[in-house]
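Residue-level structural notes
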Amino acid sequence: MGRITVRRPVVRVTVDRDPVRRIDTLAVEEPLEIRVAGTPLAVTMRTPGHDVELAAGFLVSEGVIAAAEEFRSAIHCGGPGSGGEINQYNVLDVALAPGVRPPAPDVTRNFYTTSSCGMCGKASIDAVRTVSRFDVREDPVTVGPEEVAALPDRLRAEQAVFDKTGGLHAAALFDVASGELLVLREDVGRHNAVDKVIGWALLQDRLPLRGAVLQVSGRASFELVQKAVMAGLPVLSAVSAPSSLAAELADEAGLTLIGFVRGDHMNVYTHAHRVAGAVGAARSTPAIGSASS
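Now for a description of the structure that goes with this document. Just so it is clear, the structure is predicted and the values come from calculations on it, not from any experiment.

What counts, and where the lines are drawn
- Residues numbered from 1 in each chain as written.
- Predicted model: local features only at pLDDT ≥ 70, side-chain atom pairs only at ≥ 80, totals over all residues.
- Heavy atoms only, no water.
- Core = buried A, V, L, I, M, F, W, Y, C linked by side-chain atoms within 4.5 Å.
- Buried < 20%, exposed > 50% of the residue type's maximum accessible area, 1.4 Å probe, protein only.
- Helix = DSSP H or I, 4+ residues; strand = E, 2+ residues; numbered from the N terminus.
- Contact = heavy atoms within 4.5 Å.
- 1 Å grid on protein atoms, 1.4 Å probe; cavity = no way out; pocket = protein on both sides within 12 Å on 5 of 7 lines; lining within 4 Å.
- Points joined across faces, edges and corners; volume = space filled by probe spheres on them.
- Nonpolar A, V, L, I, M, F, W, Y, C, P; charged D, E, K, R; others polar.
- Bend = angle between axes of the 7 residues up to and from the residue.
- Pairing = 2+ DSSP bridges.
- Axes fitted to C-alpha atoms, helices over the stretch in contact; angles between N-to-C directions.
- Parallel < 35°, antiparallel > 145°, perpendicular 65-115°, else oblique.

Our next topic: the nonpolar core. One broad rule of soluble globular proteins: the nonpolar side chains tend to lie buried together. Judged by nonpolar contacts, the single largest core of 55 residues is most densely connected at Leu59, Ile65, Leu173, Leu214 and Leu236. Sort the elements by how many residues they give to this core and helix H5 (residues 190-203) lands first, with 7 residues. Apart from the residues within four sequence positions on either side, Leu59 is in contact with Val36, Leu41, Val64, Ile65, Phe71, Val94 and Leu96. Of all hydrophobic cores here, the second largest spans 16 residues; its members include Ala149, Leu155, Ala172 and Val235.

Structure follows, in structure tokens:
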């Protein structure tokens, strides 16, 4: 496994004080090339660690696999070129189970992803609207607003690398019935953190993730909603705002999308029936166009 953090000298500048030289800890960002049966599929900028989960979750998000038995194995190998190159653990070759169709070798599958925007190279929105094998509309789970309000603090309390660097996103799965935190992953890319969580669930043979909530540390993009739907998750909760397309997809797919989960309040954008008391007691107030709405 590659390094997760590095230490780098910096100059700390404070107004009206002398500058101070110190050592700062940074989160590592390195490329990972994902291959399937030796064929390059995608490159993502990620924080090293849990790479097999990342690849597995990515394949779930892309609609290639949806069950543990479809994922055979994965191995780190050397970079492009001769077999004599030093293994930097930045190339991962995945083997699918016999009979599982590999990703289609067309332009919609050959793209470069970054830690900031995810699948930026998708040919069109239509190519991103992958059809899930799971119907989240059928999930009857209900979660209390108190439980949802507590999730960001529970997420933050487990972010060990963030404490050192301040530079990582996080995603975590919570079981609604037990309240248990099932898994948490950190990464420089929020989409990578979600893929690692979903990949963990796949390898644990837990898909679809019925009765669970996915909590993320940042905003809720279209891509994160898509990943949740592909994993069969009924509820996605974010500490910041969703995008318009994220809300549109969540509404269409039957996913409960919650944003601005801060303190004792939150905005439920779609399928509010899964948040206890959110429908019957709701009243209309003037829109103010801000996070406090």
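Time to look at empty space enclosed by the protein. According to the stated counting rule, one finds 2 cavities of 30 Å³ or more in the structure shown. Empty space within the second largest cavity amounts to approximately 40 Å³. Along its surface, the second largest cavity is lined by Val60, Gly63, Ile65, Ala66, Val131, Arg133 and Met230. In terms of residue class, the lining of the second largest cavity is built from 5 nonpolar, 1 polar and 1 charged.

Before going further, it helps to examine the environment of Glu29. Turning to its location among the elements, Glu29 is positioned in the loop between strand S2 (20-27) and strand S3 (30-36). Residue classification places Glu29 among the partly exposed positions, given a relative accessible area of 41%.

Moving on, we get to unusual backbone geometry. For the bond running from Leu207 to Pro208, omega is 0°, close enough to zero to count as cis. Its location among the elements puts Pro208 in the loop between H5 and strand S10 (212-216). Phi is positive for Ala37, close to 55°, though the residue is something other than glycine. Inspection of the secondary structure puts Ala37 in the loop between S3 and strand S4 (39-46). With relative accessibility at 66%, the residue Ala37 sits in the exposed group. The phi angle at His50 is positive, at roughly 55°, despite the residue not being glycine. Mapped onto the elements of the fold, His50 is located in the loop between S4 and helix H1 (51-61). Its relative accessible area of 39% is what places His50 among the partly exposed residues.

This next bit is on helix H3 (residues 145-157). A maximum bend of about 30° is found in H3 at Leu151, where proline Pro152 lies one to four positions downstream. Three or more residues of H3 are buried, namely Val148, Ala149, Leu151, Pro152 and Leu155. Buried-residue contacts for H3 involve strand S8 (169-175), strand S9 (181-187), S10, strand S11 (235-238), strand S12 (256-262) and strand S13 (265-270).

Let us now look at H1. In terms of residue burial, H1 counts as a mostly covered element, since 10 of its 11 residues are buried. Buried within H1 are the following residues: Asp51, Glu53, Leu54, Ala55, Ala56, Gly57, Phe58, Leu59, Val60 and Ser61.

Sheet strands pair by backbone hydrogen bonding; their relative direction is either parallel or antiparallel. Taken in spatial order, the 6 strands make up an open sheet running S9-S8-S10-S11-S12-S13, and their pairing is mixed. With one partner strand each, in any of the chains shown, S9 and S13 form the two edges of the open sheet. Across the sheet, the axes of successive neighbouring strands diverge by a mean angle of 20°, strand direction being ignored. Pairing of S8 with S10, which is carried by 5 bridges, proceeds in the antiparallel orientation. Following the sheet pairing, Phe174 is matched in S10 by Val213.

All right, on to the packing of H1 against H5 then. The relative placement of two packed helices is expressed as an angle between their axes plus a distance between the axes. It is at 6 Å that the axes of H1 and H5 come closest, and there the two elements cross at 90°. Classified by the interaxial angle, the pair formed by H1 and H5 is roughly perpendicular. The residues of H5 that touch H1, namely those facing Val52, Glu53, Leu54, Ala56, Gly57, Phe58, Val60 and Ser61, are Asn192, Asp195, Lys196, Ile198, Gly199, Trp200, Leu202 and Leu203. Classifying every residue of the contact of H1 with H5 by side-chain character gives 9 nonpolar, 4 polar and 3 charged.

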